[in-house]
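The residues making up each chain are set out below.
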Amino acid sequence: MGYSGARGGLAAILAAENLVRTARDHAPVPWASTAQITGRFRLAVDRVMGEAGLYHEESAADAFRQAEGDSLEAAHLVRARRSTLPRLAVSEPVDPDEMVVLRRIVPAHRTPDGPQLLGRTTDYTGRLLERRDGPPERAPDLPATNGSSTPRRAPEQRCPRRFSALLADLGLLVDHHSEPAEPYDITRRPARPPAPRSAVLASMARAETGALVGLWYRSILGPDGDIHEVTLGEVRHGRLPVRVRHPHTGAPVCIGQIRATETEAIEDLDGADEDRTRFDVGYGMCFGHNERKAIAMANLDVACRRFGRSGPLEQLLLLTTDGLDSGGFLEHLKLPHYVTFRSMVERKQAMRAAGETGPRVADPAGRDCR
Amino acid sequence: MTGPVLAPRVAGATLGPDEAQRTFRAVLDALARPGRAYRLPERPLRTVPAALLPVLALADLDTPACVLGDDPDGGWQQVLATVTSAPAAALPQARLVAALRPLSGDELLALRRGTAAAPEDGALLSIALADGDSGEPRWQLAGPGVAGRNVITPVGLPGQLAAARAQAVAGFPAGVDLLLVSPDGRVLGIPRTTAVTVISEEAS
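Residues numbered from 1 in each chain as written. Chains lettered and ligands numbered in written order. Predicted model: local features only at pLDDT ≥ 70, side-chain atom pairs only at ≥ 80, totals over all residues. Heavy atoms only, no water.

Asker: Outline the overall build of chain B, supporting the account with residue identities and numerical values.
Answerer: Helix and strand counts for chain B stand at seven helices and nine strands. Relative to the 2.2 N^0.38 estimate, which gives 17 Å for 204 residues, the radius of gyration of chain B is 16 Å and therefore close to what a compact globule would have. When the accessible surface of chain B is split by element, carbon and sulfur atoms take 56% of a total near 9,000 Å². (Helix = DSSP H or I, 4+ residues; strand = E, 2+ residues; numbered from the N terminus. Rg over C-alpha atoms; globule rule 2.2 N^0.38 Å. Areas by Shrake-Rupley, 256 points an atom, 1.4 Å probe, with all protein chains shown as cover.)

Written out as structure tokens, the structure reads:
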């Protein structure tokens, strides 16, 4: 498919950019500060970080403002920024068991190890739209505690043992005997099927949230014929330390921490060639607080392991879920396609002139060419 | 190199975002328009050898780097590693090379050139020119990005370097790219696409 470069007139393009800057940056409304965006739209900021693949809340907030709220455009800005940053080190592998949980639920079991810590969630809140000009006058009262003071969470409660470890102890988990291997770096080479599991996980960790949820829903409803019985083992949001090796002493040094959402999905194995006496576990993790994405990711991880190559799923995950890939190709359609289209028009006019207006004659073998 | 001597060098070699961008831009423009000189930012040049500055701006964990003509204790290679995390490499493995002393034709021929499928693996060599304006040697440049025919005078470059370079870039798209940096911070670019002819003063 050929198309001409954008020659819409440099002046027109500059005028359009001017209009964006004027309307966006000089609108007669109060400026949205970075602190306001990280403070009041934390989930949008976290989503932008996750889809860009760069953990820096202020950059994601500034991108969200510059993109006027378009989270894919914001992710594009942050990913472009990421490409200008020098790589100074490769971190040590992060151990998710070190997560200090801010929120942690286990839908599969009532009393797992550690608390069911609901944390900051609106999962149980009625969806009543509140229309207000400012914050409510009074902050909510602390929940009634029958006179006793609310106990502070002990550190052990913030690092609970994960539910899949309990299943493993009971011998209910499939052991994949996976060898530790160098993870696939999708920022250096694009992953193409057949790809190792680390490539699929990395692609999903950076994928667009909506794309993953859509693919997950399709996978659950099953038009591809795959059946799932999924229960969530862990849904966590918490802080993880990031460590690098000190360049001179060689010892690991903690240089900061990130927030991440982590999910484990317990899948009931019921295929004819699977071990039906056991479960399998899918894993999902993404930057910031984005439960929808991590849950979809965990489910799709185990679905890909089970059905990824017997159907289109692995290809869909690797090739269609990246927001910049899909959004970029979509938006390129707005560039002039004058030459392509004109050639199509001329071809049709030629066909009409040659009198080929009747229905296509069937191939003698009985199959129509399409 | 010990701490008290290394630390001020590291401070001088740590580029601010503006300096890094201006260095990148100067290198980009120099390679895009071979033969036209562009200015590197002034502040780092007070402590850093001029030919090292492009490498400082471009190096990171993924670019093995080599410094030729370093101090005997390897000071500038250490500074480079500390500031950019660039791993030290021998000449044939380096992606970025800073030649603070004149290098021989054989050394240029040893640089990695990449392959047809991965031409970006070819080395970028930043060579220090000598001071002054002796007018010799004279290289005539032609090719993409060169306006007409351009003559430059890379002071201090050994005579056989042009012939060695011609051999190194003969297998286009594989090849090496050169930056010629004068001590006052002007940089010229000779990408692998440029044809270089040495003009001799004496009539043959």
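Asker: Summarise the packing of helix α9 (residues 291-307) of chain A against helix α10 (residues 313-320) of chain A; cite the residues concerned and give the values.
Answerer: Between two packed helices, the angle of one axis relative to the other and the distance separating the axes together describe the packing. Residue and element names in this part refer to chain A. Two elements in contact, α9 and α10, have axes whose closest approach is 9 Å; the angle formed by their N-to-C orientations is 135°. On the basis of their axis angle, the class for α9 and α10 is oblique. Here α9 contributes Leu 300, Ala 303 and Cys 304 to the contact with α10, which in turn contributes Leu 313, Glu 314 and Leu 317. Taken together, the residues that form the contact of α9 with α10 break down as five nonpolar, no polar and one charged. (Axes fitted to C-alpha atoms, helices over the stretch in contact; angles between N-to-C directions. Parallel < 35°, antiparallel > 145°, perpendicular 65-115°, else oblique. Contact = heavy atoms within 4.5 Å. Nonpolar A, V, L, I, M, F, W, Y, C, P; charged D, E, K, R; others polar.)

Asker: Mind laying out the packing of aromatic side chains, listing which residues take part and the relevant values?
Answerer: Residue and element names in this part refer to chain A. Across all of its chains, the model carries three aromatic pairs over all chains by this definition. Seen from their ring centres, Tyr 55 and Phe 287 are 5.3 Å apart, and the 75° between their planes marks the pair as edge-to-face. Linking Tyr 55 in the loop between α3 (42-52) and α4 (57-66) with Phe 287 in strand β4 (residues 279-287), this pair joins segments that are 232 residues apart in sequence. Note on Phe 287: relative accessible area 25%, which makes it partly exposed. Relative to Tyr 217, the ring of Trp 216 has its centre 6.0 Å away and its plane inclined at 15°; by these criteria the two rings are stacked. With relative accessibility at 24%, the residue Trp 216 sits in the partly exposed group. (Phe/Tyr/Trp six-rings, centres within 6.5 Å; stacked < 30°, edge-to-face > 60°. Buried < 20%, exposed > 50% of the residue type's maximum accessible area, 1.4 Å probe, protein only.)

Asker: Give a detailed account of the pattern of salt bridges, specifying residues and quantitative values.
Answerer: Under the criterion given, the structure shown has 42 salt bridges over all chains. The salt bridge partner of Arg 25 of chain B is Asp 29 of chain B, with a shortest N-O separation of 3.4 Å. Separated by four residues within a single helix, Arg 25 of chain B and Asp 29 of chain B lie in helix α2 (residues 17-32), roughly one turn from each other. Put simply, Arg 87, Asp 185 and Arg 188 of chain A together with Asp 62 of chain B are held in one network by salt bridges that share partners. (Salt bridge = Lys/Arg side-chain N within 4 Å of Asp/Glu carboxyl O.)

Asker: Quick one: what's the story with the sheet that holds strand β2 (residues 65-68) of chain B, residue by residue and with numbers?
Answerer: Residue and element names in this part refer to chain B. The six strands are arranged β1-β8-β7-β4-β3-β2 in an open sheet whose pairing can be described as mixed. Both edges of this open sheet fall to β1 (38-39) and β2, since each of them pairs with a single strand only. Pairing of β1 with strand β8 (residues 186-190), which is carried by two bridges, proceeds in the antiparallel orientation. Looking at the pairing, Tyr 38 lines up with Val 187 of β8. (Pairing = 2+ DSSP bridges.)

Asker: Hey, could you go over the pairing of strand β2 (residues 230-245) of chain A for me, with residue numbers and the actual values?
Answerer: Remark: a regular strand shows side chains that alternate across the two faces of the sheet. Residue and element names in this part refer to chain A. Here strand β1 (residues 100-105) pairs with β2 via five bridges, running antiparallel. From the neighbouring strand, Val 101 faces β2, where its bridge partner is Gly 238. Direction of pairing for β2 relative to strand β3 (residues 252-268): antiparallel, over a ladder of 15 bridges. Bridge pairing links Leu 232 to Ala 265 in β3. Where β2 hands over to β3, the hairpin turn is made up of six residues, of which Gly 250 adopts a positive phi near 80°.

Asker: Could you give an account of the sheet that holds β2 of chain A, with specific residues and numbers?
Answerer: Residues and elements named next belong to chain A. Taken in spatial order, the four strands of this open sheet run β1-β2-β3-β4, and their pairing is antiparallel. Edge strands, defined here as strands with exactly one partner in the open sheet, are β1 and β4. Between one strand axis and the next, the sheet turns by 20° as a mean value, whatever way the strands run. In this sheet, β4 lies alongside β3 in antiparallel orientation, the contact comprising nine bridges. Among the inter-strand pairings, Thr 261 is bridged to a residue of β4, identified as Cys 286.

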